[in-house]
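# Understanding the architecture of this molecule
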Amino acid sequence: MPTGEELLRSKGLRVTRPRLAVLDVLAGGGHLEVDEITRQVRQRLDSVSTQAIYDVLGALSRAGLSRRIEPAGSPARYEARVGDNHHHVVCRGCGEIADIDCAVGDAPCLDSGTAHGFQVDEAEVTFWGLCPTCQTRRAIDH
């Protein structure tokens, strides 16, 4: 598996401590909000501004090293899993997000019918429901 430095260089990005720290946080997995990423990066570096984290996340997303997802009604979240056209399931109760592999296979995974001249290369699907914990809570409350 390539190092953070190798990943950044492979995309033509400068290697900086904030970029390496954000890549390291994202490599830990999950779908993290900017506040959580910032908190974890600050544990690794002496000081880094929230704006610097936004700048790093923007650069990483544009370079294809991270993915930004925005479930309806939720703040943007970021993940390191990129390039495989996977989807997400979001809990309506607590907001937990999990990955779902593409059900069909090759990207864009769905047929858009008419694309109005767009060259479609990805379909972003969000499934909604209740996670096991929220299902249990609902059963107890009823």
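Scroll up for the structure.
Now for a description of the structure that goes with this document. None of the values given here were measured: they were computed from a predicted structure. (Residues numbered from 1 in each chain as written. Predicted model: local features only at pLDDT ≥ 70, side-chain atom pairs only at ≥ 80, totals over all residues. Heavy atoms only, no water.)

### Side note on the environment of I53
Along the chain, I53 turns up in helix α4 (residues 50-62). Judged by relative accessible area, I53 falls into the buried class, the value being 0%. Remark: the alpha-carbon pair of I53 and F127, spanning 74 residues in sequence, is separated by 28 Å. Discounting residues that sit within four places of it in the chain, I53 has contacts with V22, V34, I37, T38, V41 and V48. (Helix = DSSP H or I, 4+ residues; strand = E, 2+ residues; numbered from the N terminus. Buried < 20%, exposed > 50% of the residue type's maximum accessible area, 1.4 Å probe, protein only. Contact = heavy atoms within 4.5 Å.)

### Focus on the sheet that holds strand β6 (residues 126-129)
Taken in spatial order, the three strands make up an open sheet running β5-β4-β6, and their pairing is mixed. Of all strands in the sheet, those bounded by a partner on one side alone are β5 (97-100) and β6. In this sheet, neighbouring strand axes are inclined to one another by 25 degrees on average, regardless of whether the strands run parallel or antiparallel. (Pairing = 2+ DSSP bridges. Axes fitted to C-alpha atoms, helices over the stretch in contact; angles between N-to-C directions.)

### Re the side chain of H31
Residue position: H31 is located in the loop between α2 (17-27) and β1 (32-33). By relative accessible area, which is 11% here, H31 ends up buried. Polar contacts involving the side chain of H31 include one to the side chain of E79, which spans 3.0 Å. For H31, the residues in contact, after removing those within four places along its chain, are I69, R77, Y78, E79, H88, I97, A98 and D99. (Polar contact = N/O pair within 3.5 Å; in protein donor to acceptor, adjacent residues only side chain to side chain.)

### What about α4?
Residues separated by three or four positions in an α-helix point in the same direction, a consequence of the helix having 3.6 residues per turn. The end-to-end C-alpha separation of α4 is 18 Å, in line with the 18 Å expected for 13 residues at 1.5 Å each. The complete set of buried residues in α4 reads I53, V56, L57, G58, A59 and L60. Of the surrounding elements, those touching the buried residues of α4 are α1 (4-10), α2, α3 (34-44) and β3 (77-79). Taken from the residues just after α4, G64 is the one with a positive phi, measuring 80 degrees. (Expected span 1.5 Å × (residues − 1).)

### Some points on the packing of α2 against α3
Interaxial distance between α2 and α3 falls to 9 Å at its minimum, and their mutual angle equals 120 degrees. Taken together, the axis directions place α2 and α3 in an arrangement best described as oblique. α2 and α3 meet at a crossing whose hand is right-handed. Contacts from R17, A21, V22, D24, V25 and L26 of α2 reach α3 at I37, Q40, V41 and R44. Residues of the contact of α2 with α3, tallied by class, amount to six nonpolar, one polar and three charged. (Parallel < 35°, antiparallel > 145°, perpendicular 65-115°, else oblique. Left-handed = near helix turned anticlockwise from the far one by under 90°. Nonpolar A, V, L, I, M, F, W, Y, C, P; charged D, E, K, R; others polar.)

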